[in-house]
Amino acid sequence: MPRVSEEHLERRRQQILDAARVCFARKGFYDTSMQDVFAEAELSAGAVYRYFKSKNDIIAALANQTAVPLMGLLTEQLDLDPLPTPGDLVQVIAQHVVDSSHTGGIVRLAPQAWALALVDPDAGGYVKEAMTGIRGFWQDYAVRMQAAGWLPADADPQAVGAAMFGVLPGFILQHLIVGDISPESLAAGVRTLMPYGEPG
């Protein structure tokens, strides 16, 4: 297939995902119909169904799009030398969340996807895959912390990584719903609880 055709197909696929994200942010997953997506994308039903069989397929694709840039950012941070402190790493990740949580932003869909995963097995599979992938990076970070001498030799990296992963959804919910927390304040709390690698 010619390269231009591949690029056209990818643009059309992204056009549908962008439209769905707007609809989901406006009405939520449950109240958004495929007809809403057709209208927002300004495409026929056939054009949309060429790329996605159902609303859940669209949700899965959006879930993957949410995870990919975050995983990329985590990978960049883990490759840094010296290793970022827990406070510095959390602040970078929290800032990414803030930057991606504007009206229609992909992060705003995360809590809706979590809720859907509790009642829809297909969505649950997509969300679980994304979550375990991100949690794996935190576990890798715990291994790096251990190698840096920041954690005891007998520490369990899986347990540490799982605990640190829990900070991220907690920040997302507080930022989106309560609205009184910043990346800086979150990082300050983490530095108090986990002062590894900090000056002094």
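Nothing here was measured: the structure is a model prediction, and the numbers come from that model.

Scoring rules and cut-offs
Residues numbered from 1 in each chain as written. Predicted model: local features only at pLDDT ≥ 70, side-chain atom pairs only at ≥ 80, totals over all residues. Heavy atoms only, no water. Patch = residues over 30% accessible without salt bridge, like charges linked within 9 Å, V, L, I, M, F, W, Y side chains within 5 Å. Areas by Shrake-Rupley, 256 points an atom, 1.4 Å probe, with all protein chains shown as cover. Salt bridge = Lys/Arg side-chain N within 4 Å of Asp/Glu carboxyl O. Helix = DSSP H or I, 4+ residues; strand = E, 2+ residues; numbered from the N terminus. Buried < 20%, exposed > 50% of the residue type's maximum accessible area, 1.4 Å probe, protein only. Core = buried A, V, L, I, M, F, W, Y, C linked by side-chain atoms within 4.5 Å. Domains from an automatic or database assignment. Contact = heavy atoms within 4.5 Å. Axes fitted to C-alpha atoms, helices over the stretch in contact; angles between N-to-C directions. Parallel < 35°, antiparallel > 145°, perpendicular 65-115°, else oblique. Left-handed = near helix turned anticlockwise from the far one by under 90°. Arc of directions from axis to C-beta. Buried area = accessible area lost by both parts, 1.4 Å probe. Polar contact = N/O pair within 3.5 Å; in protein donor to acceptor, adjacent residues only side chain to side chain. Nonpolar A, V, L, I, M, F, W, Y, C, P; charged D, E, K, R; others polar.

A. Seen up close, a nonpolar patch on the surface. Together, Tyr-30, Leu-118 and Val-119 line one region of the surface with nonpolar side chains, adding up to about 400 Å² of accessible area. Along the chain, Tyr-30 turns up in helix α1 (residues 3–31). Owing to a relative accessible area of 57%, Tyr-30 belongs among the exposed residues under this scheme.

B. Spatial organisation of the pattern of salt bridges. All chains considered together, the criterion is met by 5 salt bridges. For Arg-191, the salt bridge identified is with Glu-198, shortest N-O distance 3.3 Å. Note on Arg-191: relative accessible area 24%, which makes it partly exposed. The network of salt bridges with common partners includes Asp-88, Arg-191 and Glu-198.

C. How the structure looks around the nonpolar core. Ranked by internal contacts, the top residues of the largest apolar core, which has 56 residues, are Ile-58, Trp-138 and Tyr-141. Taken together, domain 1 (1–53) and domain 2 (62–193) each give at least three residues to this core, which thus spans both. Every residue in contact with Ile-58, bar those within four places of it in the chain, is listed here: Ile-16, Leu-17, Ala-20, Phe-24, Met-34, Val-37 and Phe-52.

D. The arrangement of the packing of helix α5 (residues 86–99) against helix α10 (residues 183–193) in detail. At a minimum axis separation of 8 Å, α5 and α10 run at an interaxial angle of 155°. Taken together, the axes of α5 and α10 lie roughly antiparallel to each other. You can see that α5 and α10 cross each other, and the crossing is right-handed. Contacts from Pro-86, Gly-87, Asp-88, Val-90, Gln-91, Ala-94, Gln-95 and Val-98 in α5 reach Pro-183, Glu-184, Leu-186, Ala-187, Val-190 and Arg-191 in α10.

E. Looking closely at helix α6 (residues 110–119). All of the buried residues along α6 are Ala-110, Ala-113 and Leu-116. The buried residues of α6 occupy an angular sector of 120° when projected down its axis, which confines them to one face. Facing away from the buried side of α6 by over 90 degrees, the exposed positions are Leu-118 and Val-119.

F. Structural view of the domain arrangement of the protein chain. Domains assigned within the protein chain are domain 1 (1–53) and domain 2 (62–193). If you average the C-alpha positions of domain 1 and of domain 2, the two centres end up 28 Å apart. Of all residues in domain 1, Arg-21, Phe-29 and Tyr-30 give up the largest surface area on contact with domain 2, accounting jointly for 61% of the area buried on that side. Between domain 1 and domain 2 we count 0 salt bridges in total. Connecting domain 1 to domain 2 are 2 residue pairs in polar contact (both at pLDDT 80 or more). Looking at side-chain class alone, the side of domain 1 that touches domain 2 contains 6 nonpolar, 2 polar and 1 charged residues.

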